[in-house]
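Structural overview for review
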Amino acid sequence: MKTVTFFRGDGIGPEISDSVFAIFKAAHVPVAFDVYDVGAAEYERNGKLVPDAAFASFERTKVLLKSPITTPIGKGFRSLNVLMRKKYDLYANIRPAKSNPAVVTPFPNTDIVTFRENTEDLYAGVEEKISDDEMHSIKIITRQKSERICRAAFDFARKNGRKKVTCVHKANIMKLSDGLFLRVFEAVAKDYPDIISDNMIVDACCMNLVLDPTRFDVLVMENLYGDIVSDLTSGLIGGVGLMPSANLGSDMAMFEAVHGSAPDIAGKGIANPTAFLWSACLMLDHIGLKEYGDLIRSAVANVMNAGTATTPDIGGTGTTTTYTDAIIQEIKRLAAMAA
Ligand code: NAI
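Residues numbered from 1 in each chain as written. Predicted model: local features only at pLDDT ≥ 70, side-chain atom pairs only at ≥ 80, totals over all residues. Heavy atoms only, no water.

Comments concerning the pairing of strand β7 (residues 134–137)
Note on strand geometry: in a regular strand, side chains alternate between the two faces of the sheet. In terms of strand pairing, strand β6 (residues 127–131) meets β7 through four bridges, oriented antiparallel. The partner of lysine 129 across the bridge, within β7, is methionine 135. What sits between the antiparallel neighbours β6 and β7 is a turn of two residues. (Pairing = 2+ DSSP bridges. Helix = DSSP H or I, 4+ residues; strand = E, 2+ residues; numbered from the N terminus.)

Things to note about the environment of phenylalanine 156
With respect to the element layout, phenylalanine 156 can be found in helix α5 (residues 143–159). Leave out the neighbours within four places in its chain, and phenylalanine 156 touches Val113, Phe115, Arg162 and Val218. (Contact = heavy atoms within 4.5 Å.)

Focus: the side chain of threonine 5
As for its placement among the helices and strands, threonine 5 is situated in strand β1 (residues 2–7). Of note is the side chain of threonine 5, whose polar atom sits 3.4 Å from the backbone nitrogen of phenylalanine 58. With sequence-adjacent residues up to four places away left out, threonine 5 is seen in contact with Asp34, Tyr36, Ala54, Ser57, Phe58, Thr61, Val63, Leu64 and Leu65. (Polar contact = N/O pair within 3.5 Å; in protein donor to acceptor, adjacent residues only side chain to side chain.)

As for the domain arrangement of the protein chain
Entries for the protein chain in the domain assignment read domain 1 (1–90 + 241–339) and domain 2 (106–237). A straight line from the C-alpha centre of domain 1 to that of domain 2 covers 26 Å. Across the boundary between the two partners, domain 1 contributes 10 residues, which contact 12 residues of domain 2. Across the domain 1 to domain 2 interface the summed buried area is about 860 Å²; carbon plus sulfur atoms make up 48%. (Domains from an automatic or database assignment. Buried area = accessible area lost by both parts, 1.4 Å probe.)

As for the nonpolar core
One finds Leu65, Phe115, Val165, Val220, Ile296 and Ile327 to be the most contacted residues of the largest nonpolar core, which totals 70 residues. For this core, the element with the highest residue contribution is helix α9 (residues 274–286), accounting for eight residues. Here this core gathers at least three residues from each of two domains, domain 1 (1–90 + 241–339) and domain 2 (106–237). The contacts of valine 220, once residues within four sequence positions are left out, are Phe115, Ile149, Cys150, Ala153, Val165, Thr166, Cys167, Val168, Phe181 and Phe185. (Core = buried A, V, L, I, M, F, W, Y, C linked by side-chain atoms within 4.5 Å. Buried < 20%, exposed > 50% of the residue type's maximum accessible area, 1.4 Å probe, protein only.)

Quick word on the packing of aromatic side chains
Applying the stated criterion across every chain yields a total of 10 aromatic pairs. Between phenylalanine 6 and phenylalanine 21, the aromatic rings sit 4.7 Å apart at their centres with planes inclined by 45 degrees, giving tilted as the arrangement. Here phenylalanine 6, found in strand β1, pairs with phenylalanine 21, found in helix α1 (residues 13–26); they are 15 residues apart in sequence, far enough to count as distant. Seen in terms of ring centroids, phenylalanine 115 and phenylalanine 156 are 5.2 Å apart; in terms of plane orientation they differ by 55 degrees. Their pairing is tilted. Residue phenylalanine 115 is located in strand β5 (residues 111–117), and its partner phenylalanine 156 is located in helix α5; the two are separated by 41 residues in the primary sequence. (Phe/Tyr/Trp six-rings, centres within 6.5 Å; stacked < 30°, edge-to-face > 60°.)

Next comes the structure, spelled out in structure tokens:
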């Protein structure tokens, strides 16, 4: 039995966490979760967003499944995601956007994986108040961090039979910082002659993504562009409620849905657990339990394809609980067929 640290979060976090717990139990996944409440309520109680014991658990297990957490805008504590990525140097944020036949969109053949550099750029948090009327935010790009994210993207492409890696940048304007990122990308690309490499300016990339996403395969970019472009790619497949993500470091890994804590629907029982569940499946792949991830993914796909059991955000009439129950019934059916 493998132990995995689990942060329950706030907003819809507890609801989609319960869904994952129930589905893992039904699939007999050999994982024990070490569960911690983190987020706004914990901050009010103890003055800490994350209890020390929760960090210690992650440092022990090296693997974390994290449900979303609310970040107040413009005040209060820094985003826990930004903190976690920096504290544990989880430098590669991987966001796969693959169309699902059950979710009708204008882009049925999308299959794009975004590699977002997670630790520097404008997210380095180097901000300065010049006066009440002028604020500065510094963009930091380094050779070492650019190289490791580009290499991660090419390694992924090679390992997963992908054909092309595109560097997305704005080097025409930010000639020094984005220029460095692009030069490093081109140097790394030389080590992967079997993979096609090209580059595109970020604004043109956004336009081309919505004109014809099938021309893209693997994308690699700096932190801010990756944040925005990967939300765009989630829109191509039906929204953030469908997109999982992995944050990988050299020996630690954190898995989470791309979406936030959705305070507008928290407690209403209609949160879509799919992206978080798929993030849990990426976690299972990562720890060598891919067969369990595949079982859960198949059950979700069958339920989604069968009709309206899904939550309203993707056109269903179900609730978080009834959708979860439908997935559990499908897992049981698939397991019985395989036995
Ligand atoms: P959001 O992703 O929480 O919500 C955007 C829209 O998508 C809302 O209408 C929401 O109802 C819907 N939505 C999101 N997830 C859904 C789901 N699973 N099922 C159905 N509908 C869903 O983004 P928003 O509103 O900008 O952020 C809310 C809070 O979440 C903020 O405090 C933000 O900082 C935080 N956040 C946390 C993240 C994390 O912990 N990983 C990531 C992104 C935002």
